[in-house]
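Summary of structural features
Now for the letters of each chain:
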Amino acid sequence: MARNRNTRTKTTFFFTLFTITVFCYFTPVFGFGSSPPLPSHSHHDHSHHNQVTARKFEIANDMFWKDGQPFQIIGGDLHYFRVLPEYWEDRLLRAKALGLNTIQTYVPWNLHEPEPGKLVFEGIADIVSFLKLCHKLGFLVMLRAGPYICAEWDLGGFPAWLLAIEPALRLRTSDPAFLHLVERWWEILLPKVVPLLYENGGPIIMVQIENEFGSNGNDKAYLHHLATLARGHLGDDTILYTINGGTREKLDRGTIREDNVFSAVDFPTASDPWPRFELQKEFNAPGKSPPLSAEFYTGWLTHWGEKIAETDADFTASVLEKILARNGSAVLYMVHGGTNFGFYNGANREDESVYMADITSYDYDAPIRESGDVDNAKFKALRRVIEAYSAVPLPSVPFNNEKTGYGRIHLQKKEFLLDIVDRISSTDVVESENPMSMESVGQVHDRAQVFISCSSEDNGGRPIYVGTIERWSNLTLGLPKTECVSNISLYLLVENMGRINHGNYIFDRKGILYSVYLDERILNQWKMIPIPLNNLNEVPKTNPVIQVAYSEFTDVPAHRGAKENVTKEPAFYVGRFSIDKVNLVNDTFISFRGWGRGIAFVNGFNIGRYWPLKGPQCNLYVPAPVLRHGENVVVLLELESPNAELVIDSVDQPDFTCTSSTSNLHRLEQTKYTM
């Protein structure tokens with residue numbers, strides 16, 4: 001999103017032998033084809049326009065003007081990359097029923113270029129089809145082109161491979177090496193949207209430059225360069241805009257005055273909006289400052305270990321009315337949050353010790369909930385306000401989509417992850433005297449599980465879990481004394497929990513970034529092994545991990561009897577459930593109560609991370625397009641502690657009530673982001 005908050009996204013593993021570390025990461029994959037073809041563009045007749053001459057969207061007299069008539073933006077953020085393409089129209093129609101006339105969306109660079117030169121514009125990354133669909137449904141579009149977006153998205157939308165470049169790039173600055181890559185990216189992106197600009201018959205009325213640069217940036221040359229670059233591709237008629245927190249300092253640092261770029265503001269919902277709009281005027285040319293809250297917060301984000309974020313529906317609606325009643329414009333952030341599928345969730349960091357990863361759900365307490373539900377107090381309260389200021393009658397409100405609980409799913413353990421690593425081809429091994437970052441190998445920072453392994457009569461040589469090292473604790477871990485008939489192997493399984501997406505710590509490399517000491521002696525001669533797993537937009541290479549996870553498995557009896565031995569060693573677990581052809585395929589949620597922490601895949605699609613031990617999210621959302629009639633396969637990579645009965649449950653509702661008795665994470669309240 002964007003606001004004043006404090007992350008390619010891969011989950012990571014390091015396995016360390018005395019002199020060997022196996023560094024494994026998950027490579028993203030895209031799990032769906034492109035969305036169905038859309039009807040061609042059509043121009044829409046708006047009843048509140050008395051006369052339409054040329055298509056033109058402009059700013060004059062401190063108002064927005066559309067085709068010569070005053071226009072009030074009542075919009076909402078809805079991100080195409082957090083919603084399956086099959087559901088784009090469903091969610092947009094719900095936004096239409098709320099009364100919105102404009103959709104605002106980011107463009108995450110890392111989704112579209114996960115590897116240097118590898119471009120993805122299909123399926124969930126098919127931005128052109130999404131924009132055409134907005135146009136078909138009568139929406140205008142405010143496009144947030146980046147290159148930095150924040151958005152609670154991994155590394156703020158920057159591709160992680162930028163962090164592997166040496167000498168290190170200075171992100172969000174006028175560093176020539178960084179600007180060269182931005183130019184190359186925008187030379188790909190911006191020509192795709194030119195035919196969709198409003199003056200060319202499309203829906204795009206405004207294009208954002210960077211995002212909340214005034215919060216942490218201080219390089220006006222960089223902003224001017226972006227404005228010049230955008231003008232070169234988009235022409236002079238399209239409105240360019242910035243969004244910054246509504247304080248003088250942030251507007252001063254983040255506004256591009258000399259390049260005729262409109263300056264919009266965001267601020268906490270609890271603030272009085274009109275003093276912020278008066279301040280906004282000082283950073284726009286006379287007559288060029290229509291009051292616009294470009295991120296009107298309908299809710300807030302949630303980190304692992306926190307309570308689910310919730311805001312009061314009536315209060316939120318009352319503040320929106322203060323804006324609309326005086327002809328101000330607002331964009332709801334979010335109107336529909338969606339889901340951080342795959343490994344694309346972001347994280348926040350306030351200082352050296354506090355690191356907070358975002359949960360998989362991006363529900364955001366928005367009026368359109370994660371699964372599309374609109375039968376809630378916030379949707380109703382906001383709709384009542386918007387209806388009073390809408391120039392056209394609002395469509396009827398659709399029903400909630402059906403959701404089905406498909407019941408208990410029994411799993412079986414397929415294989416331990418460390419055993420699979422032993423079979424990885426030597427061609428995939430990266431060797432180095434010292435540990436390398438994940439980005440440098442195409443992959444401890446953030447969380448390391450430590451194991452030791454040796455041959456003995458007691459354990460048959462299986463790795464023994466010793467403990468966990470976390471980036472926010474930085475504690476020394478003691479190893480047990482072990483009698484072995486051979487050398488002891490020391491393994492570190494390191495996970496990337498999400499790159500920081502906001503603030504001064506955004507240059508967030510992952511992996512083992514410094515020397516590893518054993519009894520004050522530095523360990524050298526490391527081996528790092530990437531292990532691809534499906535993300536959201538990349539097809540993994542054939543590898544033992546995928547082969548094991550989707551190999552044939554035997555029927556699991558509904559009543560096993562004795563519980564399996566619980567082990568802390570990471571392993572793959574597989575189960576299946578069936579949907580009869582006489583029934584509709586509906587959305588569902590998978591409950592992970594009783595499990596530890598890991599990643600879940602349904603029919604090959606990465607539905608995200610689960611961590612019920614930390615909470616608050618207990619269930620992961622599984623959209624109906626992921627499912628199919630007949631057999632459906634669920635694969636878990638459980639990293640910590642499997643459910644003793646090896647069962648999960650398909651249920652018909654979300655659950656954010658899991659809690660951690662040991663969690664002492666600092667909660668980022670909205671008031672922490674002083675605008």
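The coordinates are above.
Procedures and definitions
- Residues numbered from 1 in each chain as written.
- Predicted model: local features only at pLDDT ≥ 70, side-chain atom pairs only at ≥ 80, totals over all residues.
- Heavy atoms only, no water.
- Core = buried A, V, L, I, M, F, W, Y, C linked by side-chain atoms within 4.5 Å.
- Buried < 20%, exposed > 50% of the residue type's maximum accessible area, 1.4 Å probe, protein only.
- Contact = heavy atoms within 4.5 Å.
- Pairing = 2+ DSSP bridges.
- Helix = DSSP H or I, 4+ residues; strand = E, 2+ residues; numbered from the N terminus.
- Axes fitted to C-alpha atoms, helices over the stretch in contact; angles between N-to-C directions.
- Right-handed = clockwise from strand over helix to strand, strands pointing away.
- Disulfide = S-S within 2.5 Å.
- Polar contact = N/O pair within 3.5 Å; in protein donor to acceptor, adjacent residues only side chain to side chain.
- Phe/Tyr/Trp six-rings, centres within 6.5 Å; stacked < 30°, edge-to-face > 60°.
- Lys NZ or Arg CZ within 6 Å of the ring centre and 35° of its normal.

1. Observations concerning the nonpolar core
Judged by nonpolar contacts, the single largest core of 133 residues is most densely connected at Trp186 and Leu636. Excluding residues that lie within four positions of it along the chain, Leu636 makes contacts with Leu411, Ala571, Phe572, Tyr573, Phe592, Trp595, Ile599, Ala600, Tyr610 and Ile648.

2. Notes on the sheet that holds strand β29 (residues 630–638)
Spatially, β27-β26-β29-β24-β16-β30-β25-β28 is the arrangement adopted by the 8 strands of the open sheet, whose pairing is antiparallel. On the outer flanks of this sheet lie β27 (605–610) and β28 (619–622), each paired with one strand and no other. Each strand of the sheet is rotated relative to its neighbour by a mean of 25 degrees, with strand direction disregarded. Across 3 bridges, the pairing between strand β25 (residues 588–591) and strand β30 (residues 647–651) is antiparallel. When the sheet's bridge partners are listed, Ile590 is paired in β30 with Ser650.

3. Remarks on the pairing of strand β6 (residues 74–78)
Counting buried positions along β6 gives 5 out of 5 residues, so the element sits mostly inside the fold. Where β6 lies against strand β13 (residues 329–336), 4 bridges are found, and the strand directions are parallel. Its bridge partner lying in β13, Gly76 is registered against Leu332. Bridge analysis of β6 against strand β7 (residues 102–106) gives 3 bridges, and the strand direction is parallel. By the bridge assignment for β7, Gly76 is matched with Ile103. Of the crossover connections in this fold, the one passing from β6 over helix α1 (residues 88–98) to the parallel β7 is right-handed.

4. A word on the pairing of β30
Both strand β16 (residues 407–416) and β30 contribute to a ladder of 4 bridges, which runs antiparallel. Following the sheet pairing, Gly407 is matched in β30 by Ser650.

5. So, the state of the cysteines
Should the sulfur atoms of two cysteines be covalently bonded, the bond is a disulfide. Using the criterion set out here, one finds 1 disulfide in the structure. Between the sulfur atoms of Cys618 and its disulfide mate Cys658 the distance is 2.2 Å. Of note, the bridge from Cys618 to Cys658 carries an S-S torsion of about 135 degrees and is right-handed in sense. Here Cys618, found in the loop between β27 and β28, pairs with Cys658, found in the segment after β30; they are 40 residues apart in sequence, far enough to count as distant. Both residues of the pair, Cys618 and Cys658, belong to the buried class.

6. Side note on the side chain of Asn101
Tracing the chain through its elements places Asn101 in the loop between α1 and β7. From its side chain, Asn101 meets the backbone oxygen of Gln72 in a polar contact 3.0 Å long. Contact partners of Asn101, with chain neighbours within four places excluded, come to Phe71, Gln72, Ile73, Ile74, Gly75, Gly138, Phe139 and Leu140.

7. Re the packing of aromatic side chains
Note on aromatic pairs: each is described by the distance of the centres and the angle between the planes. Evaluation of the coordinates by the stated rule reveals 29 aromatic pairs. A centroid spacing of 4.9 Å and a plane angle of 75 degrees characterise the contact between Trp274 and Phe277, whose relative ring orientation is edge-to-face. Here the residue Trp274 and the residue Phe277 both occupy positions in helix α8 (residues 273–281), the gap between them amounting to 3 residues, near one helical turn. Look at Tyr362 and Tyr364: their rings are 5.4 Å apart centre to centre, the planes differ by 45 degrees, and that puts the pair in the tilted class. Summarising the burial analysis for this pair, Tyr362 and Tyr364 share the class buried. Feature note: the residues Trp109, Phe121, Tyr148, Phe158, Trp161, Phe178, Trp185, Phe213 and Tyr222 constitute an aromatic cluster, connected by ring pairs. The ring of Tyr148 is capped by Arg172, whose NZ or CZ atom sits 3.6 Å from the centre of that ring.

8. Notes on the environment of Glu431
Within the secondary structure, Glu431 sits in strand β17 (residues 430–432). Aside from chain neighbours lying at most four places away, what touches Glu431 is Trp526, Lys527 and Met528.

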